[in-house]
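# Per-entry structural report
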Amino acid sequence: MLMRKLGRMSLIVAVGLGVVAGAGCGKKSGGGGGGGMGPAGGSKTPADAIKGVINALGAGDAAAAASYFPSDDVLAKALDCGPEGRIIADVVKAREGMKKDADEIKGEGATLRYISSGPGESKSIAKGATMEGCTAKVDITVIEYTFKFEMSKGDKKREREKTKPVAQFGDSGWYVLED
C-alpha cells in the first residue's frame, strides 16, 4: 500500500500562476532552523531544497521536511493576499501534509533516497502581478525540477522520477512548493 501511495505522492506545482497558488508548505517556523532543519532563508539551490525534503521524509522527520517549504513569514513578505487569496491557506495545508507522509513512511518501515535532479522550465512572476487573489510583493522565480528518488520497503526497491516546482521569493533562498 505504501509503495503505491508513494508512487502517486507528489513530494516536492505546474509552472504558471497555479504553481504559486499551491506554493509553500511547512509550519510557521518552516524555512528556517538548524539541527537537520532546512536552512534559515531557504536552500542555496533548488536541488538542495528537493534533496532536503526527500531525505527528511525518508527519515520520517515531518518538521525537517516542512522546513524546506516557505514559512508563513516568507509568504507574508512575498504575497499580499486578500480575502479571495487561497495561496497561503494552500501552503499551510501542504506543510501539514508532511506529518502524515512522514508518519506513514516511518510507520511502515519504508525509506526514500534522493538520486538526482535537474532544472527544467523557469517562470518569472513580476512584483505587482496578481494571481489567485494575491499580489506579488517581490519578484518570484519558479523552476520546474525533475528529480529521481528511490523508495524502499523491505527488499522491494522502486526508482521514481517526478517534476515539481521550487521557488525563490525576491532574494530569498529556494523553497519547495507542494507536498
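Residues numbered from 1 in each chain as written. Predicted model: local features only at pLDDT ≥ 70, side-chain atom pairs only at ≥ 80, totals over all residues. Heavy atoms only, no water.

With that settled, consider the pattern of salt bridges. The tally for this structure, following the rule as stated, stands at five salt bridges. Where D72 meets R95, a salt bridge forms, and the shortest distance between an N and an O atom there is 2.2 Å. One end of the pair, D72, is in helix α5 (residues 72–78); the other, R95, is in helix α6 (residues 87–107), with 23 residues separating them in the sequence. Of the charged contacts, one joins K77 and D73 as a salt bridge, the two residues approaching to 3.3 Å between their closest N and O atoms. Linking K77 with D73, this pair stays in helix α5, spanning four residues, or about one helical turn. Residue class for K77 comes out exposed when judged on its relative accessible area of 56%. (Salt bridge = Lys/Arg side-chain N within 4 Å of Asp/Glu carboxyl O. Helix = DSSP H or I, 4+ residues; strand = E, 2+ residues; numbered from the N terminus. Buried < 20%, exposed > 50% of the residue type's maximum accessible area, 1.4 Å probe, protein only.)

Sheet architecture is open: three strands sit in the order β1-β4-β3, paired in antiparallel fashion. Strand pairing shows two members of the sheet lacking a second neighbour, β1 (79–81) and β3 (130–131), which therefore form its edges. Of the strand pairs in this sheet, β1 and strand β4 (residues 134–136) are connected by three bridges, and their pairing is antiparallel. Its bridge partner being in β4, D80 is matched across the sheet by T135. (Pairing = 2+ DSSP bridges.)

The next subject is the state of the cysteines. For the structure on display, the rule yields one disulfide. Across a sulfur-sulfur distance of 2.0 Å, C81 and C134 are joined as a disulfide pair. With the S-S bond torsion at 110°, the cross-link from C81 to C134 turns out right-handed. Note that C81 is positioned in strand β1 and C134 in strand β4, a separation of 53 residues in sequence. Looking at C134, the relative accessible area reads 0%, which means it is buried. (Disulfide = S-S within 2.5 Å.)

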